[in-house]
Amino acid sequence: MAEERVRVSEETPGVVRVALTNGPGHNVVDFELGRQLREALAGPAQSARVVEILAEGPDFCVGGDVRGFAADPDASLTALADDFHSCQRLLLGLAQPVVVGVQGWAAGIGLSFALTGDVIVLAAGARLRPAYTAIGLTPDGGMTATLPAAVGRAKAMDMFLTNRPMGAEEALTCGLASRVVPDADLHDETAAIAATIAAGPSQALAATKKLVRSANGVLTDAHLEVEAKSIGDRGLSAEGREGVAAFVGKRPARWPSTT
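The rules behind these values
Residue positions are given per chain, counting from 1 as you read along its sequence in written order. Residue-level local features of this predicted model are given only where pLDDT is at least 70; pairs of side-chain atoms are given and counted only at 80 or more, and the full residue set underlies all totals for whole chains, interfaces and linings. To obtain the side-chain values, all non-hydrogen atoms of the structure were included, while hydrogens and water were left out. We call two strands paired when DSSP finds no fewer than two bridges between them. The helix and strand labels rest on DSSP assignments: H or I over at least four residues marks a helix, E over at least two residues marks a strand, and numbering proceeds from the N terminus. For every residue, the accessible area obtained with a 1.4 Å probe (protein chains only) is divided by the maximum for its type, and the residue is called buried under 20%, exposed over 50%, and partly exposed between those limits. For a helix, the expected span equals 1.5 Å multiplied by the residue count minus one. Two residues qualify as a contact provided that any one of their heavy atoms is within 4.5 Å of a heavy atom in the partner residue. Each axis is a line fitted through C-alpha atoms, taken for helices only over the stretch in contact, and angles between the N-to-C directions span 0 to 180 degrees. By definition in this entry, angles of less than 35 degrees are roughly parallel, angles greater than 145 are roughly antiparallel, angles of 65 to 115 are roughly perpendicular, and the rest are oblique. The crossing is said to be left-handed when, going from far helix to near helix, the turn is anticlockwise and less than a right angle, and right-handed when the turn is clockwise. Charged residues are taken to be Asp, Glu, Lys and Arg, nonpolar residues to be Ala, Val, Leu, Ile, Met, Phe, Trp, Tyr, Cys and Pro, and polar residues to be all remaining types, Gly included. Arc, as used here, means the arc of the directions from the helix axis to the C-beta atoms. A pocket, in this scheme, is an open set of points on a 1 Å grid over the protein atoms alone with protein on both sides within 12 Å along at least 5 of 7 lines, while a cavity is a set where a 1.4 Å probe fits but cannot get out; residues line either one if an atom lies within 4 Å of a point. Grid points are joined across faces, edges and corners, and a volume is the space filled by probe spheres set on the points.

Peer 1: Quick rundown of the sheet that holds strand β8 (residues 166–167)? Include the residues and the values.
Peer 2: One open sheet holds the three strands; their spatial order is β5-β7-β8, and the pairing between them is mixed. One side of each edge strand has no neighbouring strand; the edge strands of this open sheet are β5 (105–107) and β8.

Peer 1: Explain the pairing of strand β6 (residues 119–123) residue by residue, including any values.
Peer 2: When you tally the buried positions in β6, you get five out of five residues, the bulk of the element. Of the two faces of β6, the one carrying Val-119, Val-121 and Ala-123 and the one carrying Ile-120 and Leu-122 are both buried. Bridge count between β6 and strand β9 (residues 179–181): three bridges; the pairing is parallel. When the sheet's bridge partners are listed, Ala-123 is paired in β9 with Val-181.

Peer 1: Would you mind going over helix α3 (residues 77–93) in detail, with residue names and values included?
Peer 2: Over its 17 residues, α3 extends 24 Å from the first C-alpha to the last, a length consistent with the 24 Å expected when each residue adds 1.5 Å. Of all the residues in α3, the buried ones are Leu-80, Ala-81, Asp-83, Phe-84, His-85, Cys-87, Gln-88 and Leu-91. In this structure, the buried residues of α3 make contact with α1 (31–42), β3 (50–55), α2 (66–71), β4 (98–102) and α4 (109–114).

Peer 1: An account of the packing of helix α5 (residues 143–151) against helix α6 (residues 153–162) is needed here, citing residue identities and associated values.
Peer 2: Relative orientation of the contacting elements α5 and α6 amounts to 130 degrees, with a least axis distance of 7 Å. Taken as axis vectors, α5 and α6 run oblique relative to one another. The crossing of α5 and α6 is right-handed. Residues Met-143, Thr-144, Leu-147, Pro-148 and Val-151 of α5 form the contact with α6, whose own contacting residues are Arg-153, Lys-155, Ala-156, Met-159 and Phe-160. Counted by class, the contact of α5 with α6 contains seven nonpolar, one polar and two charged residues.

Peer 1: I'd love a proper account of the environment of Ile-53, names of residues and values included.
Peer 2: Looking at the element boundaries, Ile-53 is found in strand β3. Distance from Ile-53 to Val-102, taken between C-alpha atoms, is 8.7 Å for residues 49 residues apart in sequence. With near-sequence residues (within four places) excluded, Ile-53 lies in contact with Val-18, Phe-60, Leu-91, Val-98, Val-99, Val-100, Gly-101 and Phe-113.

Peer 1: So what's going on with α5? Residues and values would help.
Peer 2: Within the span of α5, buried status applies to Met-143, Leu-147 and Val-151. Buried residues of α5 fall within an arc of 25 degrees about the axis and therefore sit on the same side. Buried residues along α5 sit against α4, α6 and β8. Taken from the residues just after α5, Gly-152 is the one with a positive phi, measuring 95 degrees.

Peer 1: Quick one: what's the story with unusual backbone geometry, residue by residue and with numbers?
Peer 2: Unusually for a residue other than glycine, Ala-131 sits at a positive phi of about 75 degrees. Secondary-structure assignment places Ala-131 in the loop between β7 (127–129) and α5. The phi angle at Lys-250 is positive, at roughly 55 degrees, despite the residue not being glycine. Its place among the elements puts Lys-250 in the segment after α11 (238–249). Since its relative accessible area comes to 78%, Lys-250 is described here as exposed.

Peer 1: Outline the layout of surface pockets, supporting the account with residue identities and numerical values.
Peer 2: Roughly 810 Å³ of volume is contained in the largest pocket. Along the walls of the largest pocket sit 28 residues, with Leu-115, Gly-117, Asp-118, Val-212 and Arg-213 positioned nearest its centre. Here the lining of the largest pocket gets five residues from one element, more than from any other, and that element is helix α9 (residues 202–215). The class makeup of the residues in the lining of the largest pocket is 13 nonpolar, 11 polar and four charged. Quantified by volume, the second largest pocket comes out at close to 680 Å³. Surrounding the second largest pocket, 31 residues form its lining, Val-62, Gly-63, Gly-64, Asp-65 and Val-66 being those nearest its centre. Tallying contributions element by element places α3 first for the lining of the second largest pocket, with four residues. Here the lining of the second largest pocket is built from residues that sort into 17 nonpolar, eight polar and six charged.

Below you can see the structure in the form of C-alpha cells.
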C-alpha cells in the first residue's frame, strides 16, 4: 500500500482541507504525490464551499524530486511537470476560493503550488524561492505567469535570475502574500479564514473570484460590461435578494446552503 501523502478532511462544515502529509520528507513532488493530490482535488474538493491547502512538517513543499532526477537522468522531466500540471489545472479550475497556508520552505514547484491560492497565508518563518536555475532548469507549475503577476516583472526576474529567497514580510509587502502570522498559529489562522469564507455567500464569492481571475489586473471596456452583468445577475439571485433584505432589516444574512 502506498504511503499516505495527502490527507483530506472536513473539520469545518463546507471547508475541505487538503494536507500534504510527508512531514520530515518535506513534501517532495513526485508521481505518487501528484496522483493522491489529483484524487483529492477531482473528488472531495469539488463539493466544498472553500478548499484549504496545508502541509505537515517543517516545510510546505521543497519542490520536485531532485534525487530521483539524479538517480535516473534519462527520466522525463516533462512527464513529471505534465503530471503535476494536472493538479494545478484542477486547482485553477475550482470555482470556490482556495486558502493556502505556507510554513518553512516553498521552493520550486512547491512555490508554484502555493501561488495558485486565492488567499495565501504565510508563517512568519516561511521562505520562498524559485530554485530552478540553481540546478540548471526553468520554472514550471505556471510560475513564470503567477510570480510576475503577484510581485511585478522586475522583482520576479530578480528572483528567477539570482535565485534569491524571499521572506514572509517581504512577500506581504510586495503583494505575494495575503497575511503573515506567527509560525505556531499558521494552521489555526488558515482554518479561521477558510471558515469565515465558507460562512459567506458562496455563489457571490465564486463569481467575484471569476471576475478577478478573468481581468488579470487589466481594466477594459469588455471587463466593465462583464462586471455589470455579473452584479445584475447576483442582485436577482437568492443570495443577492437575501443579502439586500438582511441589510435593510438590520439582521445577519441567512445565506442559501447551495454552492
